[in-house]
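# Coordinate inspection notes
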Amino acid sequence: MKEKVLEVRDLAITFNTSAGKVKAVRGVDLDLYKGETVAIVGESGSGKSVTTKAIMGILSNNGTIDSGEIHYTFEKEGEEVTENLLNFSKKQMRKTINGKHIAMIFQDPMTSLDPTMSIGNQIIEGMRTHYKTKKKIAQAKAIKLLELVGITDPKSRMKNYPHQLSGGMRQRIVIAIALACDPDVLICDEPTTALDVTIQAKILELIQDIQKKIGISVIYITHDLGVVAKVAEYVNVMYAGKIVEKGTVDDIFYEPKHPYTWGLLLAMPDLETNTEKLVSIPGNPPNMSHDIVGDPFYPRNKYALHIDKEIEPPLIAVSETHSAATWLLSEHGPEYSLPTELQARITRMKEEAKHYAAG
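Let me sum up the structure you'll find in this document. (Residues numbered from 1 in each chain as written. Predicted model: local features only at pLDDT ≥ 70, side-chain atom pairs only at ≥ 80, totals over all residues. Heavy atoms only, no water.)

### Here we look at the side chain of Asn 301
Assignment of secondary structure puts Asn 301 in the loop between helix H11 (259-266) and strand E11 (316-317). Residue classification places Asn 301 among the buried residues on the basis of a relative accessible area of 10%. Within the structure, the side chain of Asn 301 is placed 2.9 Å from the backbone nitrogen of Tyr 303, a separation counted as a polar contact. (Helix = DSSP H or I, 4+ residues; strand = E, 2+ residues; numbered from the N terminus. Buried < 20%, exposed > 50% of the residue type's maximum accessible area, 1.4 Å probe, protein only. Polar contact = N/O pair within 3.5 Å; in protein donor to acceptor, adjacent residues only side chain to side chain.)

### Let's talk about unusual backbone geometry
The backbone phi angle of Asp 153 is positive, close to 50°, even though this residue is not glycine. Position of Asp 153 relative to the elements: it lies in the loop between helix H5 (135-148) and helix H6 (154-157). Backbone geometry places Glu 190, a non-glycine residue, at a positive phi of 45°. In this structure, Glu 190 sits in the loop between strand E7 (185-189) and helix H8 (197-214).

### Let's talk about the pairing of strand E10 (residues 242-248)
Residues in a regular strand point their side chains to alternate faces of the sheet. Among the 7 residues that make up E10, 6 are buried, leaving the element largely enclosed by the rest of the structure. Pairing of strand E9 (residues 234-239) with E10, which is carried by 6 bridges, proceeds in the antiparallel orientation. Bridge assignment links Val 237 to a residue of E10, and that residue is Glu 245. What sits between E9 and E10 in their antiparallel hairpin is a turn of 2 residues, with Ala 240 showing a positive phi close to 55°. In the sheet, E10 pairs with strand E12 (residues 323-324) via 2 bridges, with the strands oriented antiparallel. Across the sheet, residue Lys 246 finds its bridge partner in E12, namely Ser 323. (Pairing = 2+ DSSP bridges.)

### Considering the packing of aromatic side chains
Summed over all chains, the structure comprises 6 aromatic pairs. Measuring from ring centre to ring centre gives 5.0 Å for Tyr 72 and Phe 74, while their planes differ by 10°; the resulting arrangement is stacked. Across this residue pair, the class does not change: Tyr 72 and Phe 74 are buried. Here Trp 262 and Tyr 336 contribute two aromatic rings whose centre-to-centre distance is 5.7 Å and whose plane-to-plane angle is 35°, an arrangement assigned as tilted. Pair noted here: Trp 262 is in helix H11 and Tyr 336 is in the loop between E12 and helix H12 (340-358), with a separation of 74 residues, a long-range link. For Tyr 336, a relative accessible area of 30% corresponds to the partly exposed category. Taken together, Tyr 239, Tyr 260 and Phe 297 form an aromatic cluster joined through their ring pairs. In this structure, Lys 2 packs its charged tip against the face of Tyr 33, placed 4.6 Å from the ring centre. (Phe/Tyr/Trp six-rings, centres within 6.5 Å; stacked < 30°, edge-to-face > 60°. Lys NZ or Arg CZ within 6 Å of the ring centre and 35° of its normal.)

### Points about the state of the cysteines
Such a bond, covalent and formed between the sulfur atoms of two cysteines, is termed a disulfide. Applying the stated criterion to the full structure yields 0 disulfides. Of all cysteine sulfurs in the structure, the one in Cys 188 sits closest to Cys 181, which takes part in no disulfide; the separation is 16 Å. Look at Cys 181 and you get buried, because its relative accessible area is 4%. Here Cys 188 falls in the buried class, since its relative accessible area comes to 0%. (Disulfide = S-S within 2.5 Å.)

### So, the packing of H5 against helix H7 (residues 167-179)
One way to put it is that H5 packs onto H7 with a least axis distance of 9 Å and a crossing angle of 130°. It follows from the interaxial angle that H5 and H7 lie oblique. Helix-helix and strand crossings are classified by hand; for H5 and H7 the assignment is right-handed. Across the interface between the two elements, Leu 145, Leu 146 and Leu 148 of H5 pack against Ile 173, Ala 176 and Leu 179 of H7. (Axes fitted to C-alpha atoms, helices over the stretch in contact; angles between N-to-C directions. Parallel < 35°, antiparallel > 145°, perpendicular 65-115°, else oblique. Left-handed = near helix turned anticlockwise from the far one by under 90°. Contact = heavy atoms within 4.5 Å.)

### Overview of the nonpolar core
Grouped together as the largest cluster of nonpolar side chains are 64 residues, with contacts concentrated most on Ile 123, Ile 175, Leu 186 and Phe 253. A per-element tally of this core places H7 first, with 7 residues. Non-local contacts of Phe 253, meaning those with residues more than four positions away in its chain, are made with Leu 225, Val 228, Ala 229, Leu 265, Met 268, Ile 346 and Met 349. Leu 6, Met 56, Met 93 and Ile 97 belong to the second-largest nonpolar core, a separate cluster that totals 32 residues. (Core = buried A, V, L, I, M, F, W, Y, C linked by side-chain atoms within 4.5 Å.)

Here it is as structure tokens:
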């Protein structure tokens, strides 16, 4: 039996803005098990980061949680307990959960690091705050963490300031800070977006290596399905504040059921494609300050049915691990086949996977 670490149920979040109320998240369910890697993927504005900020208790002040529960299982005073994190104040979250049990890596390390503090002081700060660790012990652990994340000459780097380091090194420092208090869950919010391709690959490998060594659970937030293919075991595809497809990596990449997932897969750059044009999903995501009637993907979906205009589809199970919110899967839905170009893309992905497995 896998141990469940995190369970999100029916999470709905609204923001009060000058343009009115924006329903950013509209009923998200999410599960995370011990040692597992889950990806949340979707276009900008789909609700990925907002969902995880709610888990961390760091929503901006104009955000309101309308409904839902976030159950987190952790060790407290020698006993395993499950708490609804939505019952915690921001102060309680900072004191008892953030950093200590759930840590987050943000996409731009320069916004995460304090330019006025040395690298060493930023790494030991959490240990000193949460565990009252003696300074010498904390510094020794910080040096080990810097070694773990691949920083050369860690002892001298402790005295450096963020502006003295490259982008890749800064992101490694952010990872070291996140790991300083031995969290159970690591949330990675597009941790490689600001980095070049070579450094991206190294950071992803680093997080995977650390996960294998210390067995933490990881949530990746990304719009890049290439990253998902490399790191995740389970994938949640988000659109317009809801999860519209979920399944294992193989389910999503080789047996996608939602037309939005088809669009995301086709939009991935591919060296083997015969066309010079990049494929894009037509139209724009819906305005979340307006009431959504029917399937929010309906205006962009050339496979849409008449019912999509009137009723939003629920998640329909395809298998024990796989489900998608599309009326194409309903018992009254029409027969359909994947777009020809997507079938060709999936065939190429399977061949590529065999090649990597063999080599």
